[in-house]
Amino acid sequence: MKKCLLLSAGLLFAAGQGFAADMDMKQIMQQMKLEFKGAAEAQSVEEMQEPITQLSLLVVQAKQTPYPPERAGIYQEGFNKLAVALNKATNELASGEFDAAKLTLKEVDDLRIEYHEKKKPSIFKRLFG
């Protein structure tokens, strides 16, 4: 009976940890969306720098979040590509290249679309490959 109780408690704890990780990830993604929007709406180098910096910090945080083993590779690949694009944008902003940073922000948005699709493929992709 004690073994059953301990096993049940362990399963509930593990499920709670998974739920907590999902909630953390959801919050991180929502914050990333807000920071991206701030960067996209920026009208100057100075206005864009803070949201890009915050996005970079959120990517680091997201990379440290535990993921299901079957999805961890996809998440890490996406976050690595995102970090590279954000570093590129940061360098462009440091050089005063606002228009180039705007184009790089488009790359960031394209990565978002690509990896959200990989995370949750459409029914047609699942059925027909």
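Residues numbered from 1 in each chain as written. Predicted model: local features only at pLDDT ≥ 70, side-chain atom pairs only at ≥ 80, totals over all residues. Heavy atoms only, no water.

Q: Provide a residue-level description of the side chain of E35, including the pertinent values.
A: Within the secondary structure, E35 sits in helix α1 (residues 2-41). Nearest to the buried, unbridged E35 among oppositely charged side chains is K37, at 12 Å. The residues touching E35, leaving out its near neighbours within four places in the chain, are P51, Q54, L55 and L58. (Helix = DSSP H or I, 4+ residues; strand = E, 2+ residues; numbered from the N terminus. Buried < 20%, exposed > 50% of the residue type's maximum accessible area, 1.4 Å probe, protein only. Lys, Arg positive; Asp, Glu negative; His and termini not counted. Salt bridge = Lys/Arg side-chain N within 4 Å of Asp/Glu carboxyl O. Contact = heavy atoms within 4.5 Å.)

Q: If you had to explain the packing of aromatic side chains to someone new, which residues and values would you point to?
A: Taken as a whole, this structure holds three aromatic pairs when the rule is applied. Ring geometry for Y67 versus Y75: centroids 4.2 Å apart, planes at 10°, classification stacked. Here Y67 matches Y75 in class, with each residue buried. Relative to F79, the ring of Y67 lies with its centre 6.2 Å away and its plane at 35°, an arrangement referred to as tilted. Here Y67 is found in the loop between α2 (45-63) and α3 (69-94), whereas its partner F79 is found in helix α3, with twelve residues between them in sequence. Accessibility classification places Y67 together with F79 in one group, the buried group. Through pairs of rings, three or more aromatic residues link up here, namely Y67, Y75 and F79. (Phe/Tyr/Trp six-rings, centres within 6.5 Å; stacked < 30°, edge-to-face > 60°.)

Q: Give me the nonpolar core: which residues, what numbers.
A: In this structure, M32, M48, I52, F79, L82, L86 and L93 are the most contacted members of the largest nonpolar core, which totals 26 residues. Beyond its immediate stretch of four places on either side in the chain, I52 contacts A39, L86, A89, T90, L93 and L105. (Core = buried A, V, L, I, M, F, W, Y, C linked by side-chain atoms within 4.5 Å.)

Q: Could you give an account of the environment of L34, naming the residues involved and the relevant values?
A: Residue position: L34 is located in helix α1. Once the C-alpha coordinates of L34 and L55 are considered, the two residues, 21 residues apart in sequence, prove to be 9.2 Å apart.

Q: Can you break down the packing of α2 against helix α4 (residues 98-119) residue by residue, with the values?
A: The interhelical angle for the contact between α2 and α4, taken along N-to-C directions, is 35°, at an axis separation of 10 Å. By crossing handedness, the relation of α2 to α4 is classed as left-handed. For the pair α2 and α4, contact is made by V45, M48 and I52 and by F98, A101, K102 and L105, respectively. Here the contact of α2 with α4 is composed, by residue class, of six nonpolar, no polar and one charged. (Axes fitted to C-alpha atoms, helices over the stretch in contact; angles between N-to-C directions. Left-handed = near helix turned anticlockwise from the far one by under 90°. Nonpolar A, V, L, I, M, F, W, Y, C, P; charged D, E, K, R; others polar.)

Q: Describe α3, with residues and values.
A: The end-to-end C-alpha separation of α3 is 37 Å, in line with the 38 Å expected for 26 residues at 1.5 Å each. Those residues of α3 lying buried are Y75, G78, F79, L82, A85, L86, A89, E92 and L93. Taken from the residues just after α3, G96 is the one with a positive phi, measuring 80°. (Expected span 1.5 Å × (residues − 1).)

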